[in-house]
Amino acid sequence: MDRHEQFRSAAIDRGIPQDEIDKFADQLRFAIWAGPSAAGDEVVGQLGGLPELPAGMEWPGDEHPLPFIGSVDCAALPRAEGLDLPADGSLLFFLHHEEDMEEHPTTEFSRVLYVPAGTETEVASPPPGHDTRAFFMEPIPFLIPECRLTAWVQPVLPDWIERRDVTSEADAVKQLCELVDDLWPAQDRFCTLRIGGYCREIGGHDNPYAQMAFDSVTGLRAADADMPMEERFRLQDEEERRLIQEWVPLAQFPTNGEFYYGCFLIRFDDLAAKRFDQMRSFTMFTE
């Protein structure tokens, strides 16, 4: 029995109406969260340090090397329903958060590298002149200390559910949220990397789904200068809901820049097909 089936069965046992269960289950996602490993934990990857690149491969970024965020061993990761990650091999994440913040969505200042299992790899040497180089206007070294990661599966709900105002104890959504907490209690661990789930809202800015929806509707509005404001908002909300169903966060993480947070998004179809070059990066400002 997978986690969604476990949830539905437990909800039925509590007497919650089937239509409420179905609507809620459609919003319930499971994500992989990773944080610093302790003694006895299975190590699934690393933050910082030096990446293991395919033998002979140059550091990603060509003339402007991209800082290495971290990597995960796909075979060691726990499985999360609805998240079609590769069964093996490694995913490596690179991001220059300052440049990406100015240019998103783009892949020029970000990279996800998939290294299939069996590939001959070697620990990369720092790019020339980048072993201690600091970012412009930030005292952050190009290389950050390595931290080994362990991982666990976490249920994730969309923000509208998390922020709802419940005034009735009989509210089915409240009961279903409590059921999620009962089935999968929160772990007392610090999470530094999230794979799957939903995009977090960071600071006072729109999340990446809303940003993409705004860009789409802006194009439609340019083609129809007389589009009423109410229609634009309606189309934007509709487009955002569509994008949430189509795109999933491949990686979300704080950067070593105090006010920057990284988010790599990918379509579910591209994730299943290992088309990691189709990833979009949205670096967010935390204030």
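Below or above, wherever it landed, is the structure these notes cover. (Residues numbered from 1 in each chain as written. Predicted model: local features only at pLDDT ≥ 70, side-chain atom pairs only at ≥ 80, totals over all residues. Heavy atoms only, no water.)

## With respect to the overall build of the protein chain
Rules: Every helix listed is a DSSP run of H or I at least four residues long, and every strand listed is a run of E at least two residues long, numbered separately from the N terminus. Any residue under 20% of the maximum accessible area for its type is buried, any over 50% is exposed, and the rest in between are partly exposed; the area is computed with a 1.4 Å probe on protein chains only. Two residues qualify as a contact provided that any one of their heavy atoms is within 4.5 Å of a heavy atom in the partner residue.
When helices and strands are tallied, the protein chain shows eight helices and 13 strands. In the protein chain, which comprises 287 residues, the share counted as buried stands at 48%. Sequence-distant contacts, at least 24 apart, represent 70% of the contacts inside the protein chain between residues at least 6 apart.

## Details of the side chain of aspartate 270
Mapped onto the elements of the fold, aspartate 270 is located in helix α8 (residues 268-272). Sequence-distant contacts of aspartate 270, that is, excluding residues within four places in its chain, are made with Arg275 and Gln278.

## Quick look at the environment of cysteine 199
Looking at the element boundaries, cysteine 199 is found in the loop between β9 (193-195) and α6 (208-223). For the pair cysteine 199 and cysteine 263, spaced 64 residues apart in sequence, the C-alpha to C-alpha distance is 7.5 Å.

## Things to note about the pairing of strand β8 (residues 147-156)
For clarity, the threshold we go by: By the convention used here, strands pair only if DSSP detects at least 2 bridges between them.
By the criterion of burial, β8 is predominantly enclosed, with eight of the ten residues buried. Pairing analysis gives eight bridges linking strand β1 (residues 29-36) to β8, with the strands arranged antiparallel. By the bridge assignment for β8, phenylalanine 30 is matched with proline 155. Both strand β2 (residues 45-47) and β8 contribute to a ladder of three bridges, which runs antiparallel. Residue leucine 47 lies in a different strand from β8, and its bridge partner there is cysteine 147.

## Considering helix α2 (residues 18-27)
As a reminder, the rule being used: In this description, one arc is meant: the one made by directions from the helix axis to the C-beta atoms.
Considered for burial, the residues of α2 that qualify are Ile21, Phe24, Ala25 and Gln27. Within α2, the buried residues cover an arc of 150° as seen down the axis, which keeps them to one side.

## Topic: the environment of isoleucine 69
Examined against the element boundaries, isoleucine 69 turns out to sit in strand β4 (residues 68-73). In this structure, the C-alpha to C-alpha distance between isoleucine 69 and leucine 143, residues 74 residues apart in sequence, is 9.0 Å. Excluding residues that lie within four positions of it along the chain, isoleucine 69 makes contacts with Gln46, Leu47, Gly48, Phe93, Phe94, Leu95 and Phe253.

## What about the environment of leucine 53?
Relative to the elements of secondary structure, leucine 53 occurs in strand β3 (residues 52-54). Relative accessible area serves as the criterion here: at 1%, leucine 53 is assigned to the buried category. Sequence spacing of leucine 53 and glutamate 122 is 69 residues, and the spatial spacing of their C-alpha atoms is 5.7 Å. Residue contacts for leucine 53: discarding those within four places in its chain leaves Glu58, Trp59, Pro60, Leu92, Phe94, Leu113, Glu120, Thr121, Glu122 and Ala124.

## A few points about the pattern of salt bridges
We count it as follows: Any carboxyl oxygen of Asp or Glu that lies within 4 Å of a side-chain nitrogen of Lys or Arg is treated as forming a salt bridge with it.
Per the counting criterion, the structure on display carries twelve salt bridges. Among the salt bridges present, the one from arginine 14 reaches aspartate 182, with a minimum N-O distance of 2.9 Å. Linking arginine 14 in the loop between α1 (3-13) and α2 with aspartate 182 in helix α5 (residues 172-183), this pair joins segments that are 168 residues apart in sequence. For arginine 14, a relative accessible area of 42% puts it in the partly exposed group. For arginine 275, the salt bridge identified is with aspartate 270, shortest N-O distance 2.6 Å. Given the relative accessible area of 38%, arginine 275 is considered partly exposed.

## Here we look at the nonpolar core
Nonpolar side chains in soluble globular proteins tend to end up buried together. Rules: Side-chain atoms within 4.5 Å are what join buried Ala, Val, Leu, Ile, Met, Phe, Trp, Tyr and Cys residues into a set we call a nonpolar core.
Phe7, Leu91, Phe93 and Leu250 are the most contacted members of the largest nonpolar core, which has 49 residues in total. Ranked by residue count, the leading element in this core is α5, at six residues. Contact partners of leucine 91, with chain neighbours within four places excluded, come to Gly70, Ser71, Val72, Cys74, Leu85, Val112, Leu113, Tyr114, Leu250 and Phe276. Listed in part, the 19 residues of the second largest apolar core include Trp33, Ile202, Leu265 and Met284.

## Focus: the packing of α1 against α5
Cut-off, in case you're wondering: Between the N-to-C directions of two axes lies an angle of 0 to 180 degrees, each axis being a line fitted to C-alpha atoms and, for a helix, fitted only over the stretch in contact. Angle categories are assigned with fixed cut-offs, so that under 35 degrees is roughly parallel, over 145 is roughly antiparallel, 65 to 115 is roughly perpendicular, and the rest are oblique. Crossing handedness: left-handed means the near helix sits turned counterclockwise from the far one by under a right angle, and right-handed means the same turn made clockwise. Following the grouping adopted for this structure description, the nonpolar residues are Ala, Val, Leu, Ile, Met, Phe, Trp, Tyr, Cys and Pro, the charged ones are Asp, Glu, Lys and Arg, and the polar ones are all others, Gly among them.
It is at 11 Å that the axes of α1 and α5 come closest, and there the two elements cross at 125°. Considered as vectors, α1 and α5 are oriented oblique to each other. As for how α1 packs across α5, the hand of that crossing is right-handed. Taking contact as the criterion, the partners of Gln6, Phe7, Ala10 and Ala11 in α1 are, on α5, Leu176, Leu179, Val180 and Leu183. Split by residue class, the contact of α1 with α5 holds seven nonpolar, one polar and no charged.

## Side note on the pairing of strand β11 (residues 260-267)
Among the eight residues that make up β11, seven are buried, leaving the element largely enclosed by the rest of the structure. The turn joining strand β10 (residues 247-254) and β11, which pair antiparallel and follow one another in sequence, is formed by five residues. Strand direction decides the pairing type here: β11 and strand β13 (residues 284-285), joined by two bridges, are antiparallel. Paired with tyrosine 260 across the two strands is phenylalanine 285, which belongs to β13. With two bridges connecting them, β11 and strand β12 (residues 280-281) associate as antiparallel partners. Considered in β12, the bridge of leucine 265 is made with arginine 280.

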